[in-house]
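Here is what each chain is made of, one letter per residue.
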Amino acid sequence: MDFIAGAIGGGLSTAVGYPLDTVKVRIQTERHYNGIWHCIQETYRTEKIWGFYKGVSASVLSVSVISSVSFGAYKNFLCTICKLRYGAAEAKPSKLDVSLAGGAAGAARVVLMTPSEVAKVRMQTQRNPHPSITSPQPLSKPKYRGSLHCLKVIAKEEGLGGLYKGCSALLCRDCASSAIYFLTYSALCDWLTPAGKNKPGFLVVLLSGGFAGVLAWGLATPMDVIKSRMQTDESDQHKYKGLVHCARESVRKEGAKVLFKGLGLNCLRAFPVNMVVFVTYEAVLRFTDHYI
């Protein structure tokens, strides 16, 4: 049931946070925006509301699958660790156990996540002026007609390696942030739940999930910037040779502050998104425990 609960939570969270995710990716990968509000204004002016939802259909499906793998893998890794260390899967895990299981879950989802992340980032950074925008130049056809078409074009032009661009940055990002994510959620739930209560209340789940998301994304932002830049690097550009080269070139040209582009937006988006993830996850598990 952890896989199903994670999938439902992940799908609902995408609907909540996707527009801000588009703004975040554009700020991280393009230098001509003065800030969050300028990016929002320019996106709406040229592409209207649809500009904020590019690639959302595939993202809902992929995030559902990835969230399912993340929560399911976390629970299974945690049970395995507890069984090895304490002789019983149901034993109360330590903070180290939770962190290790979270980090392993983050690594497990990267294999599934990278192609969908590449497609999402390419779709979000592709310019498609809205038909209502008057332009002296005839509108050119977009390179990518949708998320699936984007994956097909990348596979054709860049091969399998193109679908896994930024995988190294994504692995660094998700192992560390996933460990912090599950550790923070678990620790806050334990701390805020009154003695004698078996499970945290839904208000505790909402707050713990929100703060876990904020801390995880605060830690993840530098690698998130590098990942996004590597994934927008198309076959005819070859700006970056790898993770270290991308980080070095970005810092050389724009200063160390470039690694924190979108930090505020990531944290702002993370709170409501992860509130939804965890409260949905807990609600589904409790419903199935009670009725199934």
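As shown above, the structure is provided for reference.
Since we're looking at a predicted model, the values are computed, not measured. (Residues numbered from 1 in each chain as written. Predicted model: local features only at pLDDT ≥ 70, side-chain atom pairs only at ≥ 80, totals over all residues. Heavy atoms only, no water.)

K.L.:
Can you tell me about helix 2 (residues 36-47), naming the residues and giving the values?
P.N.:
The periodicity of an α-helix, 3.6 residues per turn, causes residues three or four positions apart to be oriented the same way. Its 12 residues place the ends of helix 2 16 Å apart at the C-alpha level, agreeing with the 16 Å of an ideal helix rising 1.5 Å per residue. Positive phi appears at K48, one or two residues downstream of helix 2, with a value of about 60 degrees. (Helix = DSSP H or I, 4+ residues; strand = E, 2+ residues; numbered from the N terminus. Expected span 1.5 Å × (residues − 1).)

K.L.:
Tell me about a nonpolar patch on the surface, residues and numbers included.
P.N.:
A grouping of W191, L192, L203, L207 and F211 is seen on the molecular surface, where their side chains present a nonpolar patch of about 560 Å² in accessible area. Those elements that place two or more of their residues in the nonpolar patch are helix 6 (167-192) and helix 7 (202-232). Note that L203 resides in helix 7. Under the relative-accessibility criterion, L203 is labelled exposed at 60%. (Patch = residues over 30% accessible without salt bridge, like charges linked within 9 Å, V, L, I, M, F, W, Y side chains within 5 Å. Areas by Shrake-Rupley, 256 points an atom, 1.4 Å probe, with all protein chains shown as cover. Salt bridge = Lys/Arg side-chain N within 4 Å of Asp/Glu carboxyl O. Buried < 20%, exposed > 50% of the residue type's maximum accessible area, 1.4 Å probe, protein only.)

K.L.:
Any chance you could break down the side chain of R229 for me, citing the residues and the numbers?
P.N.:
Structurally, R229 is set in helix 7. The buried category is assigned to R229, whose relative accessible area is 5%. Residues contacting R229, with those up to four places away along its chain left out, are Q28, T29, Y240, C246, S250, E254, V258 and K261. (Contact = heavy atoms within 4.5 Å.)

K.L.:
Outline the nonpolar core, listing residues and values.
P.N.:
Judged by nonpolar contacts, the single largest core of 21 residues is most densely connected at F71, Y74, Y181, F182, Y185 and F278. Elements that contribute at least two residues to this core include exactly helix 3 (56-86), helix 4 (95-125), helix 6, helix 7 and helix 9 (263-291). Once you skip the residues sitting within four places of it in the chain, F278 turns out to touch F71, Y181, Y185, V205 and G209. (Core = buried A, V, L, I, M, F, W, Y, C linked by side-chain atoms within 4.5 Å.)

K.L.:
Requested: an account of the layout of surface pockets, with residues and values cited.
P.N.:
Gaps left between atoms show up when a probe the size of a water molecule is rolled over them. Volume-wise, the largest pocket comes out at about 1,000 Å³. Every residue lining the largest pocket is counted, 33 residues in all, and those nearest its centre are K75, L78, N198, P200 and E282. Elements represented by at least two residues in the lining of the largest pocket include exactly helix 3, helix 4, helix 6 and helix 9. Counting residues per element, the lining of the largest pocket draws most heavily on helix 9, which supplies 7 residues. (1 Å grid on protein atoms, 1.4 Å probe; cavity = no way out; pocket = protein on both sides within 12 Å on 5 of 7 lines; lining within 4 Å. Points joined across faces, edges and corners; volume = space filled by probe spheres on them.)

K.L.:
So what's going on with helix 5 (residues 147-163)? Which residues, and what values?
P.N.:
The terminal C-alpha atoms of helix 5 lie 12 Å apart, and with 17 residues this falls more than 12% below the ideal 24 Å at 1.5 Å per residue. If you check which residues of helix 5 are buried, you get S147, H149, C150, V153, I154, E158, G162 and L163.

K.L.:
So what's going on with the pattern of salt bridges? Which residues, and what values?
P.N.:
This structure, assessed with the given rule, holds 19 salt bridges. Here K92 makes a salt bridge to D190, at a shortest N to O gap of 3.8 Å. One end of the pair, K92, is in the loop between helix 3 and helix 4; the other, D190, is in helix 6, and 98 residues separate them in sequence. The partner of R229 in a salt bridge is E254, and the shortest N-O contact between them spans 2.7 Å. Pair noted here: R229 is in helix 7 and E254 is in helix 8 (residues 243-254), with a separation of 25 residues, a long-range link. You can call E254 buried: its relative accessible area is 16%.

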